[in-house]
Amino acid sequence: MVLDSRVVHPRLLLVLLLLVMTGVVAYATYRQAGGLLLGASLVFALASWSLGGALRWASLVLYPAAFLFSLALPGARLSADDLAGALLAVVGLGYLTVTQQAASEERRWQARVVGALRGCSERLATAHTPEAIMRAGAEIMEQLQAAPHVAFVAYRGGAPYVLAASGQFRSHMDRPLQPSDNDSRSVQADHWVAEQGLALLPRAECRQHHVAPIAGEAGVPLGLLLLARPGDVPFAQSEKEVVGAFAQLLGAHLGQGQAIGELRDANELTLRALGAALERRDDETGGHTQRVTTLSVRLARRLGWSEPQIKALRWGAYLHDLGKIAVPDQILHKPGPLDAEERRAVQRHPMVGYDILQDLHFLPAETLDLVRYHHERWDGAGYPAGLRGHNIPDTARLFAIVDVYDALTYPRPYKAAWPAERALDEIVAQAGRQFDPQYVEAFVRLVRSRDDTRLVR
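Residues numbered from 1 in each chain as written. Predicted model: local features only at pLDDT ≥ 70, side-chain atom pairs only at ≥ 80, totals over all residues. Heavy atoms only, no water.

Under an unreviewed UniProt entry, the name given to the chain is HD-GYP domain-containing protein, and the organism recorded is Deinococcus petrolearius.

What follows is the structure in structure tokens.
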């Protein structure tokens, strides 16, 4: 183990100083030199404070013991002045020790507060969900060491839950606080929630407790921070103020996260509604967008895609045919084959949709890739860019399989619906030509699996 010289050397010097001063005390005792004894004890006290523990109180034992021992030596004489001086020395040393201990505890508390602030900024910078913010809050309180048991109680579905915790509150994580049958109080009354939360702990572990409300924007209640500790020392005002400040900070982050979550939900609903409205021009029976979105997401999960990738895929599935708003109805609903000019008009729709979406800056690049390239082919014969193989973005390669499968198994103006097995055979036949072979294999397993038999018509 490597020891830091900045820590070891000063402590070694202090220990050596204490040994020297102990020797000086012994000498002063033997010589019955009261002034030297008092001075040595004072230096001993000053040196021992920084070491903490029992040594901090050693001077209060050392000086009276040495003084009394000096009286027992032959020829010792005690005057009233000597006794008064000794008493004053003991009182002075006691006062200095107690005040220094309080100052040391205050410095340690301030150091913990600074450390918690630093940790708070680091943790909250990477906390992007309400759950992550709550966990960060519990960890910060644990680092603050104001109490061994901390619970972050918030509302889920109208009921209070312990959603983040430390100490003995951890065993009650993700459990609702239920009122008793004869309790008519509101489950969202802060005092009731605090009482029920503290009741989760043994009485000896929550003899002292503090409750800090957490509120978002405009004072909207978001939950409570419960701190509990054993012993008889109540929470100091400074502790309550610091905990309250952290509760306000957590409330601000939760409120901001809640607003962002609501905005994301609004984005999701808007894109879904837009996709449903657009499909009505091309699919009179409706349902195409929802079907390809659901099946694409299932396939992506089977392939182990991350949640951000799946969200980008889902949004792209909503919007994949946005560009068809530029295709005239007589072409879009033509029952027979398209001529060359009509085909070119249809093949422009991926670029039209991509161009329309450029101003929606919240859309991920993978979403735009799907809209632009979902008609590319594995062999490079697709449109609009003629991309080949893995140069086609993942979202577009995956979605192309699902889109074609749905088009084959449902009726269109120019054809009747195919049976599911015939459609799957066609998808397999196009592996390595139109579609990514690995994605085709995963897709066929998904559709034919026992858990997904309902997908096969």
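The discussion continues.
(A) Here's a closer look at the nonpolar core. Of all hydrophobic cores here, the largest spans 30 residues; its most connected members are Tyr 405 and Phe 443. Within the residue set of this core, elements represented by two or more residues are α8 (288-302), α9 (307-319), α14 (394-409), α15 (420-429) and α16 (437-448). One finds Ile 133, Met 134, Ile 214 and Leu 254 within the second-largest nonpolar core, a separate group that totals 26 residues. (Core = buried A, V, L, I, M, F, W, Y, C linked by side-chain atoms within 4.5 Å. Buried < 20%, exposed > 50% of the residue type's maximum accessible area, 1.4 Å probe, protein only. Helix = DSSP H or I, 4+ residues; strand = E, 2+ residues; numbered from the N terminus.)

(B) Representation of the sheet that holds strand β2 (residues 159-166) within the structure. Spatial strand order, β2-β1-β4-β3: 4 strands in an open sheet with antiparallel pairing. Both outer strands of the open sheet, β2 and β3 (208-215), are each paired with one neighbouring strand and no more. Here the average twist between neighbouring strands, direction ignored, is 25°. Sheet analysis places strand β1 (residues 149-156) next to strand β4 (residues 221-229), joined by 6 bridges and oriented antiparallel. Following the sheet pairing, Val 150 is matched in β4 by Leu 227. Relative to the sheet, helix α5 (residues 130-144) contacts β1, β2 and β4, its axis offset from that of β2 by approximately 50°. (Pairing = 2+ DSSP bridges. Axes fitted to C-alpha atoms, helices over the stretch in contact; angles between N-to-C directions. Contact = heavy atoms within 4.5 Å.)

(C) Expanded view of the pattern of salt bridges. Using the criterion set out here, one finds 14 salt bridges in the structure. Residue Glu 268 is joined to Arg 314 by a salt bridge in which the shortest nitrogen-to-oxygen separation is 2.7 Å. Taken as a pair, Glu 268 in helix α7 (residues 237-282) and Arg 314 in helix α9 lie far apart in primary sequence, 46 residues in all. The same class applies to Glu 268 as to Arg 314, namely buried. Here Arg 448 ties to Glu 421 by a salt bridge, and the two come within 3.0 Å at their closest N and O atoms. Of this pair, Arg 448 sits in helix α16 while Glu 421 sits in helix α15, and the two are 27 residues apart along the sequence. Classification of Arg 448 by relative accessible area gives partly exposed; the value is 41%. (Salt bridge = Lys/Arg side-chain N within 4 Å of Asp/Glu carboxyl O.)

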